[in-house]
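Residue-level listing of the chains:
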Amino acid sequence: MKQFKHLIKPYIIWASILIVVPLILIVLYAFTSDGNEVLTLHFTWANFAKFLEATYLSVILKSFRLGILTTLICLVCGYPLAYIISKYSEKVQSFLILMVTIPMWINMLLRTYAWMNILSDNGLVNNLLKMLGISPITMMYTDFSVIVGLVCNFMPFMIIPIHTSLSKMDKSLIEAANDLGANPFQTFWRITWKLSMPGVVNGIMMVFLLSISTFVIPKLLGGGQYMLIGNLIESQFISVGDWNFGSAISLILAVIILIFMSLMKKMDTQDD
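Conventions adopted
- Residues numbered from 1 in each chain as written.
- Predicted model: local features only at pLDDT ≥ 70, side-chain atom pairs only at ≥ 80, totals over all residues.
- Heavy atoms only, no water.
- UniProt positions renumbered as here; feature names shortened; annotations may be inferred.
- Helix = DSSP H or I, 4+ residues; strand = E, 2+ residues; numbered from the N terminus.
- Buried < 20%, exposed > 50% of the residue type's maximum accessible area, 1.4 Å probe, protein only.
- Phe/Tyr/Trp six-rings, centres within 6.5 Å; stacked < 30°, edge-to-face > 60°.
- Lys NZ or Arg CZ within 6 Å of the ring centre and 35° of its normal.
- Polar contact = N/O pair within 3.5 Å; in protein donor to acceptor, adjacent residues only side chain to side chain.
- Contact = heavy atoms within 4.5 Å.
- Salt bridge = Lys/Arg side-chain N within 4 Å of Asp/Glu carboxyl O.
- Axes fitted to C-alpha atoms, helices over the stretch in contact; angles between N-to-C directions.
- Nonpolar A, V, L, I, M, F, W, Y, C, P; charged D, E, K, R; others polar.

- If you check an unreviewed UniProt entry, the protein appears there as ABC transporter permease from Blautia fusiformis.
- According to its UniProt record, the protein has this under Subcellular location (unreviewed entry): "Cell membrane".
- As its UniProt record puts it under Sequence similarities (unreviewed entry), the protein is described as follows: "Belongs to the binding-protein-dependent transport system permease family. CysTW subfamily."

Considering the overall build of the protein
Here's step 1: When its secondary structure is counted, the protein shows 14 helices and zero strands.
Here's step 2: Listing the helices and strands of the protein from first to last along the sequence gives α-α-α-α-α-α-α-α-α-α-α-α-α-α.
Here's step 3: Along the first, second and third principal axes, the C-alpha set of the protein runs to 75 × 70 × 35 Å.
Here's step 4: Counting the 272 residues in the protein, one finds 39% classified as buried.

Some details on the packing of aromatic side chains
Here's step 1: The tally for this structure, following the rule as stated, stands at 13 aromatic pairs.
Here's step 2: Ring geometry for Y83 against F188: centres 6.2 Å apart, planes inclined by 85°, an arrangement best described as edge-to-face. A residue pair is termed long-range when its members are at least 10 positions apart, and Y83 in helix α3 (residues 54-86) and F188 in helix α10 (residues 184-195) qualify at 105 residues.
Here's step 3: Linked through ring pairs, Y79, Y83, F188, W189 and W193 together constitute an aromatic cluster.
Here's step 4: Its end group placed over the ring of F245, K50 keeps NZ or CZ at 4.5 Å from the ring centre.

Here's the deal with the side chain of S196
Here's step 1: Tracing the sequence through the fold places S196 in the loop between α10 and α11 (197-213).
Here's step 2: On the basis of relative accessibility, which here comes to 0%, the residue S196 falls in the buried class.
Here's step 3: For S196, the side chain forms a polar contact with the main-chain oxygen of W193, separated by 3.0 Å.
Here's step 4: With residues near it in sequence (within four places) discarded, S196 still touches Y79, S165 and L166.

Brief notes about the pattern of salt bridges
Here's step 1: The tally for this structure, following the rule as stated, stands at three salt bridges.
Here's step 2: Here E234 and K219 are joined by a salt bridge, their closest N and O atoms 3.3 Å apart. Of the two residues, E234 is situated in helix α13 (residues 229-240) and K219 in helix α12 (residues 216-221); the sequence distance between them amounts to 15 residues.
Here's step 3: Under the relative-accessibility criterion, K219 is labelled partly exposed at 41%.

A look at the UniProt feature "transmembrane region" (unreviewed entry) in the protein
Here's step 1: The feature "transmembrane region" (unreviewed entry), as given by UniProt, occupies residues 12-31, 64-83, 95-118, 138-162, 199-217 and 245-264 in the numbering adopted here.
Here's step 2: The distance from the first to the last C-alpha atom of residues 64-83 is 28 Å, and the span holds 100% helix and 0% strand.

Description of the packing of helix α7 (residues 143-154) against helix α8 (residues 156-167)
Here's step 1: It is the contact of α7 with α8, at a shortest axis distance of 5 Å, that shows an interaxial angle of 35°. Here C152, N153 and F154 of α7 come into contact with α8, specifically with P156, F157 and M158.
Here's step 2: Across the contact of α7 with α8, the residue classes tally to five nonpolar, one polar and no charged.

Quick look at the structure:
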């Protein structure tokens, strides 16, 4: 295998250009003040201290609240669906998983625009309510519309890892539990749920991290007035032009993500 080691050099160079160098620049911007030249950098903690202001802390709290709520909805709805899919034959499972992943083939921006048309005042839902003689309701630019967009876009990231764990589960363990007199709930809780925990943990991590860091869905379904962490970073880089503060927020978010992943992995290890 040693003669093939040189083949990874292009990938190392490519990864360095697209990953390592941008990360170094983000760290450099985060710890410096605006207007620095390369040879006269002035390091400061002001960018991180600014994040501790009440306005920005409220943004991260709101992001976490919506992220946790989105993750719980995806888990409650996605686990039963993954469980049902795992009960079919392999061919049927492949087809059903294909149906789950097909929406992901469409650009997330287009899917979000579709939800804007569905949830708007003159959209599909309100038109159906009018046909039924029910007064229209306002759904756009609310927590409801944002959560709907988050759940529908990120649901596959919960279903697929859970289905992978369930499909690899040894079915003889369930048969043994039934032979030993365990009721359906005991069988599910002590065997199925325990063995599916790796998929549950991976699904929770992916959905939560995607939910708190996205900016397209809150921006469109929130009417441009919905500020989450992703929107805050985007505005600092594009609208405000404060790359230093934007880099500091990005670095803080990266640390939060790493801590969250470590905790989830630790929980997964303890369950094993």
